[in-house]
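Letter by letter, the chains look like this.
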Amino acid sequence: MVKDHLGKSYQSIKEMCSAYNISYAVFLDRRSLNWSLEDCLTVRVVDHKGRGYKSEEDMCNYWGVKYYVFKDRLSENWTLEEALEGKQPDRIKDHQDRGFKTKSAMCLHWGVKEYVFNDRIKDGWSLEEALEGKNPNTVVDHLGKKFDTEKDMCAYWGIKSYIFKDRIKEGWSLEEALTIPFKL
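Analysis parameters
- Residues numbered from 1 in each chain as written.
- Predicted model: local features only at pLDDT ≥ 70, side-chain atom pairs only at ≥ 80, totals over all residues.
- Heavy atoms only, no water.
- Core = buried A, V, L, I, M, F, W, Y, C linked by side-chain atoms within 4.5 Å.
- Buried < 20%, exposed > 50% of the residue type's maximum accessible area, 1.4 Å probe, protein only.
- Helix = DSSP H or I, 4+ residues; strand = E, 2+ residues; numbered from the N terminus.
- Contact = heavy atoms within 4.5 Å.
- Salt bridge = Lys/Arg side-chain N within 4 Å of Asp/Glu carboxyl O.

Visitor: Which residues make up the nonpolar core, and what values go with them?
Guide: Core analysis: the largest hydrophobic core is formed by 10 residues, namely Y10, M16, C17, Y20, I22, F27, W35, C40, L41 and V43. Looking at this core, the elements with two or more residues in it are helix 1 (13–19) and helix 3 (37–42). Ignoring anything within four residues of it in the chain, the contact list for L41 reads D4, H5, M16, C17, Y20, I22 and F27. Formed by 9 residues, the second largest nonpolar core is a distinct cluster that contains V45, F70, W78 and L84.

As structure tokens, this is what we get:
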């Protein structure tokens, strides 16, 4: 004969566990951790610290987290610890190994709109280039000066970009295409 914490008698520990819908193995595990008989039989949920609770709601109350917030966090793939403690580790890192919870937070830090960042990444820019606005497709003139676009380079040299393109197609050197004045 075995008695539970309420004084009710059972033929065996296994029968008592069955009455409380707790597996015998879980019961033995809990007893080996010196849990009280009541906790061994009635605890339904265990937190990341090994503390037992009668329900998830009780666990959330202990941790000071609203139950719906806890469930939302779990649905967003937070771990049990993160959901209860409200601390989520950095999910994304920038090129300087600085961590951010979201891509939006990272873009905000670098002062770049998220849609611009996404477009840059799709265009093959590196993370650093996309965040810092360093265009990897810069053009360089014959003197080594860099420009964001071919149009910028042509404007700098005072030549229309369509004229420049025509000259390059005709086999002109970069220097000639940029520096020889256009004559009608």
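Still more ground to cover, so stick around.
Visitor: Give me the lowdown on the pattern of salt bridges, citing residues and values where you can.
Guide: Applying the stated criterion across every chain yields a total of 5 salt bridges. The partner of E38 in a salt bridge is K54, and the shortest N-O contact between them spans 3.9 Å. One end of the pair, E38, is in helix 3; the other, K54, is in the loop between strand 4 (52–53) and helix 4 (56–63), with 16 residues separating them in the sequence. K54 sits in the partly exposed class, given a relative accessible area of 39%. Notably, a salt bridge pairs K54 with D39, separated by 3.9 Å at the nearest N-O pair. With K54 in the loop between strand 4 and helix 4 and D39 in helix 3, this pair connects stretches of sequence that are 15 residues apart. Among the residues examined, D39 registers a relative accessible area of 30% and is labelled partly exposed. Several salt bridges converge on common partners, so that one network encompasses E38, D39 and K54.

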